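Per-entry structural report
Listed here are the chains, written in short residue letters.
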Amino acid sequence: MRNFDYQTPTRLVFGEGVVEKLPKIMQPFGKKILLTYGGGSIKKIGLYDKVKELLKGFEVFELSGIEPNPKYSTSVVEGVKICKDKGIDVILAVGGGSVLDCSKAIAAGAKYEGETWDLISYKAFAKDALPIVDILTLAATGSEYDCGGVISRTETNDKIGYMDPHLFPVCSILDPRYTFSVSKKQTAAGCADAMNHVMEQYFVEDTTILNDGFCEAEFKSLMYNTKIALENPEDYRARAELMLDCTYGCNGILSLGNSESGWPCHAIEHALSAYYDITHGEGLAIITPRWMKHILSERTMDRFVKYGVNVFGIDATLEKQEIAEKAIEETYKFFESIGIPMHLRDVGIDESRVAEMAHHIAVNEGLENAYVPLDEAAIAKIIMDSL
Ligand code: NZQ
Ligand code: ZN
């Protein structure tokens, strides 16, 4: 078992009505708040008005319009400028993963004298960051419980996963009711994202019974509750369990002691959404079964057999190869059943830039160290198979 040094300092405040605690949660961090949000969904669900009312005693500045796949040159740069100009004490991010991620980059940039991109691209390391509190409105990324942010720089086709221990939110407020309004498309994409976060931790060389159990329970809970939430978007129980599935899915707690994974599907998908601005979870759902087919071999067989038997209930007495192939097929069928388009062409990607993307991934993502190493040709083949 691999050594680890683990800490998640984020306070989770979960449940119906917990947003009422907001003033008390914000109070220790200062008076000047930067409220960050996206394209307006928080106004439609009444959360914006609620937050403004709760923050009456504070001085609130705003950064709105944060894009899905948040962009460095617009949102991050603007947010950092507001923080520096106004002497912001704390950021309150209200929204999905994109708003949270963007706010993390802003929090780091606000305390850094140079260009924030130096931090995101690991040319420099943050010594400090503004505290971040968030109110999550979309179950997917796990950004509410990790120290990562994923930022796109369209000019250079970069989409970088930036991690820094300063960027754990100090507190995440999780009220599942604020996810009732999430569309079917984003609910399914969120599920696919979290499913893949767990797969990236499950499909590795060395695991434990404990971690496999955590991961298998995650898969089952995500699949079961997503189906319910798609049928009845206001099913509190399903939305609540999905929210926790996603929160636990990405901060490493499911795979402490496991060997390294390399997160290959994420490495590939981040390039797809950097080049084509597609929805992250949809890109992952499309890539995942093709990647699985690519890595299935004698060496990886037992992982797929365990996954197939324990997650999909495939007959354990069948030949291993058959179980593994059925497991991959079931994965594909599940994503298809929740309405995800299962070909890259369906989301506007054709073969024209596959070679360029494969090169970009091979140079920047270090997939030669993945569970099953992927070179440029292998990456290109997985993308071509996904078209
Ligand atoms: O912008 P608004 O109007 O808020 O609308 C958003 C957006 O259009 C909407 N939405 C959010 N909450 C809603 C809602 N619509 C109705 N009701 C609500 N309650 O949903 C759309 C998508 O939002 P976004 O935040 O982009 O989605 P998600 O949470 O899936 O975040 C995706 C981003 O996170 C990154 C992805 O790469 C992508 O850029 N990731 C971040 C990770 C992390 N920090 O650890 C890990 C992930 O692997 C991922 O890479
Ligand atoms: Zn993801």
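Notes on the structure in this doc start here. A quick note: this is a predicted structure, and the numbers were derived from the prediction, not measured. (Residues numbered from 1 in each chain as written. Chains lettered and ligands numbered in written order. Predicted model: local features only at pLDDT ≥ 70, side-chain atom pairs only at ≥ 80, totals over all residues. Heavy atoms only, no water.)

1. What about the overall build of the protein?
Along the protein, the regular secondary structure elements total 15 helices and 8 strands. A globule of 387 residues ought to have a C-alpha radius of gyration of about 21 Å, and the protein, at 20 Å, matches this closely. Out of the 387 residues belonging to the protein, those deemed buried represent 57%. In the protein, of all internal contacts separated by at least 6 residues, the share reaching a separation of at least 24 is 78%. On the protein, roughly 16100 Å² of surface is accessible, and the fraction owed to carbon and sulfur atoms is 52%. (Helix = DSSP H or I, 4+ residues; strand = E, 2+ residues; numbered from the N terminus. Rg over C-alpha atoms; globule rule 2.2 N^0.38 Å. Buried < 20%, exposed > 50% of the residue type's maximum accessible area, 1.4 Å probe, protein only. Contact = heavy atoms within 4.5 Å. Areas by Shrake-Rupley, 256 points an atom, 1.4 Å probe, with all protein chains shown as cover.)

2. Some remarks on the coordination of the zinc ion (ligand 2)
Looking at the metal site, the zinc ion (ligand 2) is ligated by Asp193 (OD), His197 (NE2), His266 (NE2) and His280 (NE2), spaced 1.9 to 2.2 Å from it. All donors to the zinc ion (ligand 2) come from one chain, and their sequence spacing reads D-x3-H-x68-H-x13-H. Linking His266 in helix α10 (residues 264-276) with His280 in helix α11 (residues 280-295), this pair joins segments that are 14 residues apart in sequence. (Donors = N, O, S within 2.8 Å, 3.2 Å for Na, K, Ca; no water.)

3. Examining the side chain of Asp101
In this structure, Asp101 sits in helix α5 (residues 97-109). For the buried Asp101, which has no salt bridge, the nearest side chain bearing the opposite charge is Lys104, at an N-O separation of 4.6 Å. There is a polar contact of 2.7 Å between the side chain of Asp101 and the side chain of Ser143. Discounting residues that sit within four places of it in the chain, Asp101 has contacts with Pro70, Ser143, Gly148, Gly149, Val150 and Ile151. (Lys, Arg positive; Asp, Glu negative; His and termini not counted. Salt bridge = Lys/Arg side-chain N within 4 Å of Asp/Glu carboxyl O. Polar contact = N/O pair within 3.5 Å; in protein donor to acceptor, adjacent residues only side chain to side chain.)

4. Some details on the site of ligand 1
Neighbouring ligand 1 are 30 residues, the closest being Gly39, Ser41, Gly97, Ser98 and Asp146. Within the side chain of Asn69, a nitrogen or oxygen atom sits 3.2 Å from an oxygen atom of ligand 1. Coverage of ligand 1 by the protein amounts to 87% of the 970 Å² it exposes when considered alone. For the shell around ligand 1, the secondary structure elements donating two or more residues are α5, β6 (148-153), α7 (184-202) and α10. (Near = heavy atom within 4 Å.)

5. Comments concerning the sheet that holds strand β3 (residues 59-63)
One open sheet accounts for 6 strands, arranged β1-β8-β5-β4-β2-β3; its pairing is parallel. Strand pairing shows two members of the sheet lacking a second neighbour, β1 (11-14) and β3, which therefore form its edges. The sheet shows a mean angle of 20 degrees between the axes of neighbouring strands, taken without regard to direction. Bridging between β1 and strand β8 (residues 171-174) involves 4 bridges; their strand directions are parallel. The partner of Leu12 across the bridge, within β8, is Ser172. Along the sheet face, α5 touches β2 (32-36), β3, β4 (90-95) and β5 (132-136) and points at about 165 degrees away from the line of β4. Against the sheet, helix α9 (residues 236-249) makes contact with β1, β5 and β8, and its axis sits at roughly 170 degrees relative to β1, the strand it touches most. (Pairing = 2+ DSSP bridges. Axes fitted to C-alpha atoms, helices over the stretch in contact; angles between N-to-C directions.)

6. Examining the pattern of salt bridges
Summed over all chains, the structure comprises 17 salt bridges. Across the salt bridge formed by Lys185 and Glu282, the nearest N and O atoms sit 3.1 Å from each other. Placement of Lys185 in helix α7 and of Glu282 in helix α11 is noted, with a sequence separation of 97 residues between them. Judged by relative accessible area, which is 6%, Glu282 ranks as buried.

7. Examining α11
With 16 residues, α11 extends 22 Å from end C-alpha to end C-alpha; this agrees with the ideal 22 Å at 1.5 Å per step. Roughly 30 degrees is the biggest bend found in α11, and it falls at Ile287, with proline Pro289 one to four residues downstream. For α11, the tally of buried residues reaches 14 of 16 residues, placing the bulk of the element in the interior. (Expected span 1.5 Å × (residues − 1). Bend = angle between axes of the 7 residues up to and from the residue.)

8. Digging into the pairing of β5
Where a strand is regular, its side chains alternate between the two sheet faces. The buried fraction of β5 amounts to 5 of the 5 residues, a majority that puts the element mostly inside the structure. What you see with β5 is no split at all: Ile132, Asp134 and Leu136 on one side and Val133 and Ile135 on the other are buried throughout.

9. With respect to the state of the cysteines
In total, this model carries 0 disulfides according to the counting rule given. No disulfide involves Cys171; its sulfur sits 17 Å from that of Cys147, the nearest cysteine. (Disulfide = S-S within 2.5 Å.)

10. As for a negative patch on the surface
There is a patch of like negative charges on the surface, built from Asp315, Glu319, Glu322 and Glu325. Topologically, Glu322 is positioned in helix α13 (residues 320-337). (Patch = residues over 30% accessible without salt bridge, like charges linked within 9 Å, V, L, I, M, F, W, Y side chains within 5 Å. Charge placed at Lys NZ, Arg CZ, Asp CG, Glu CD.)

11. So, the packing of aromatic side chains
Applying the stated criterion to the full structure yields 13 aromatic pairs. Geometrically, the ring pair formed by Phe203 and Trp291 is edge-to-face, given 6.0 Å between the ring centres and 85 degrees between the ring planes. With Phe203 in the loop between α7 and α8 (209-231) and Trp291 in helix α11, this residue pair connects regions lying 88 residues apart in the sequence. The class for Trp291 is buried, based on a relative accessible area of 3%. For the pair Phe219 and Tyr307, a centre-to-centre distance of 5.4 Å together with 75 degrees between the ring planes defines the contact as edge-to-face. Of this pair, Phe219 sits in helix α8 while Tyr307 sits in helix α12 (residues 301-312), and the two are 88 residues apart along the sequence. Note on Tyr307: relative accessible area 0%, which makes it buried. Connected via pairs of aromatic rings, a cluster forms that spans Tyr202, Phe203, Phe219, Trp291, Phe304, Tyr307 and Phe312. A cation over a ring is seen here: Lys43 above Tyr48, with NZ or CZ 4.6 Å from the ring centre. The positively charged end of Arg303 is found above the aromatic ring belonging to Tyr202, 4.6 Å away from the centroid. (Phe/Tyr/Trp six-rings, centres within 6.5 Å; stacked < 30°, edge-to-face > 60°. Lys NZ or Arg CZ within 6 Å of the ring centre and 35° of its normal.)

These results come straight from atomic positions and should not be treated as a statement about function.
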